[in-house]
Amino acid sequence: MSIYITPHDELHFECQGISLTCPHCQTLAHLTPAAVPKFEDLDRRRPKQIGIVFACDACGEPVFLKFFVKSYTGLRIELAPNYLEVERARENFPLTYLPQEAEVLFKEALSCYTAGCFNAFGSMSRRTAQSLFRELGERGKLELFDALQEIRTLAELDDENFAALRGVLFGSDSDPWPNQPHLDAERAGILLEVMRDLLYQTFVRKARLLQAMKFRRFVAPTQIEAAPEHGRLTDPAI
Ligand SMILES: [Zn+2]
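Residues numbered from 1 in each chain as written. Predicted model: local features only at pLDDT ≥ 70, side-chain atom pairs only at ≥ 80, totals over all residues. Heavy atoms only, no water.

At 2.3 Å from the zinc ion lie its protein donor atoms, namely C22 (SG), C25 (SG), C56 (SG) and C59 (SG). Around the zinc ion, the four donor atoms are arranged such that angles at the metal cover 106 to 114°; this shape is classified as tetrahedral. The exposure class of C56 is buried, given its relative accessible area of 3%. (Donors = N, O, S within 2.8 Å, 3.2 Å for Na, K, Ca; no water. Tetrahedral: all angles 85-135°; square planar, octahedral: opposite > 155°, others 65-115°. Buried < 20%, exposed > 50% of the residue type's maximum accessible area, 1.4 Å probe, protein only.)

Pairing of strand β3 (residues 19-21) with strand β4 (residues 28-35), which is carried by three bridges, proceeds in the antiparallel orientation. Residue L20 lies in a different strand from β4, and its bridge partner there is A29. (Pairing = 2+ DSSP bridges. Helix = DSSP H or I, 4+ residues; strand = E, 2+ residues; numbered from the N terminus.)

Burial along strand β5 (residues 49-56) is one-sided: I50, I52, F54 and C56 are buried, and none of Q49, G51, V53 and A55, which face the opposite way, are. Relative to β5, β4 runs antiparallel, the two being bridged by four bridges. When the bridges of β5 are listed, A35 appears paired with V53. With seven bridges joining them, β5 and strand β6 (residues 62-72) adopt antiparallel strand pairing. Note on β6: the bridge partner recorded for V53 is F64. Taken together, β5 and the strand that follows it, β6, pair antiparallel across an intervening segment of five residues, in which G60 is found at a positive phi of about 80°.

Here we take up unusual backbone geometry. Cis geometry marks the peptide bond from W177 to P178; its omega dihedral reads -5°. Checked against the element boundaries, P178 lands in the loop between α4 (159-170) and α5 (185-226). The phi torsion at D9 lies on the positive side, around 65°, for a residue other than glycine. Here D9 falls in the partly exposed class, since its relative accessible area comes to 28%. Notably, R46 is not glycine yet its phi reads approximately 50°, a positive angle. Topologically, R46 is positioned in the loop between α1 (39-45) and β5.

For the rest of this paragraph, the subject is helix α3 (residues 118-154). In a regular helix each residue adds 1.5 Å, so 37 residues correspond to 54 Å; α3 covers only 24 Å between its end C-alpha atoms and thus falls short of that length. Where α3 bends most, at G137, the angle is about 125°. Two residues or fewer after α3 comes E156, characterised by a positive phi angle close to 50°. (Expected span 1.5 Å × (residues − 1). Bend = angle between axes of the 7 residues up to and from the residue.)

With 36 residues, the main nonpolar core has F93, L98, F106, F121, L169, L191 and L199 as its most contacted residues. Listed by contribution, the elements that provide at least two residues to this core are α2 (100-114), α3, α4 and α5. Here the element with the most residues in this core is α3; it accounts for 10 residues. Residue contacts for F121: discarding those within four places in its chain leaves A109, C112, Y113, A188, L191 and L192. Core analysis: the next-biggest nonpolar cluster, separate from the first, contains 22 residues, C56, V63, V69 and Y72 among them. (Core = buried A, V, L, I, M, F, W, Y, C linked by side-chain atoms within 4.5 Å. Contact = heavy atoms within 4.5 Å.)

Under the definition given, this model contains zero disulfides. Not engaged in a disulfide, the cysteine C112 finds its nearest cysteine sulfur in C117; these two sulfurs lie 6.1 Å apart. (Disulfide = S-S within 2.5 Å.)

Keep in mind that low pLDDT regions are not for reading the predicted coordinates in detail. On average, residues of the protein chain carry a pLDDT of 89, and 92% of them reach 70 or more. The low-confidence segment residues 231-238, where pLDDT is below 50, has one contact with residues more than four positions distant or belonging to other chains. (pLDDT = per-residue confidence, 0-100.)

What follows deals with the environment of E138. For E138, the position within the fold is in helix α3. For the pair E138 and Y83, spaced 55 residues apart in sequence, the C-alpha separation works out to 45 Å.

Under the defined criterion, the tally for this structure stands at one cavity of 30 Å³ or more. Every residue lining the largest cavity is listed: A129, L132, F133, L144, L169, F170, M195, L198 and L199. Per-element accounting of the lining of the largest cavity gives the leading share, four residues, to α3. Of the residues in the lining of the largest cavity, the class split is nine nonpolar, no polar and no charged. (1 Å grid on protein atoms, 1.4 Å probe; cavity = no way out; pocket = protein on both sides within 12 Å on 5 of 7 lines; lining within 4 Å. Points joined across faces, edges and corners; volume = space filled by probe spheres on them. Nonpolar A, V, L, I, M, F, W, Y, C, P; charged D, E, K, R; others polar.)

Spelled out as structure tokens, the structure:
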């Protein structure tokens with residue numbers, strides 16, 4: 001895909017344009033350029049990176065992206081297709097289902113991930129896991145490890161990634177240095193999905209199932225009474 005700015009200060013895409021998860025409305029939306037830097041200024045100063053403000057087509061809020069400049073040719077300013085999101089969409093999780101301490105820790109872990117601080121995200125994920133081990137006891141810890149093994153099979157995780165995830169979540173702070181594996185963007189993304197799945201399986205699924213069962217027990221007798229055959233005969237429209 002080719003993106004460039006013309007001497008008329010227009011941003012031109014040789015593709016469908018840019019779509020991303022909007023940091024404001026959280027929907028996957030197309031972006032429309034709202035403020036493009038002036039060609040003349042850029043050509044004179046020739047910065048390596050430039051910023052462009054877009055408007056989200058779904059909510060209209062501004063979204064700021066940074067691009068590296070590939071070349072200045074006098075006729076166009078060619079931009080690299082990968083961009084940097086200055087403000088990223090927040091990662092969501094139904095946190096209220098977690099035990100109180102884990103809720104606080106995992107909330108911060110998600111903020112670290114959103115900010116692109118992947119090693120900080122790893123550290124907070126380990127603290128979340130440590131809090132859960134304390135809360136759930138040795139048996140709970142073993143169950144979480146089994147759940148991680150299950151994810152390994154389901155998601156077809158390779159040995160290297162699995163070892164890193166196990167190191168982050170089940171490693172000890174007293175292990176020889178470095179006691180936490182280094183996390184890049186890709187591995188942090190995998191850890192995020194694993195944490196979501198682990199926490200969902202352990203807390204959210206059970207809590208929602210119990211809530212649903214309670215609700216069914218509550219509404220079941222009313223439904224039987226409210227649906228007699230002759231109910232239709234009393235309808236004045238018939
Ligand atoms: Zn939006």
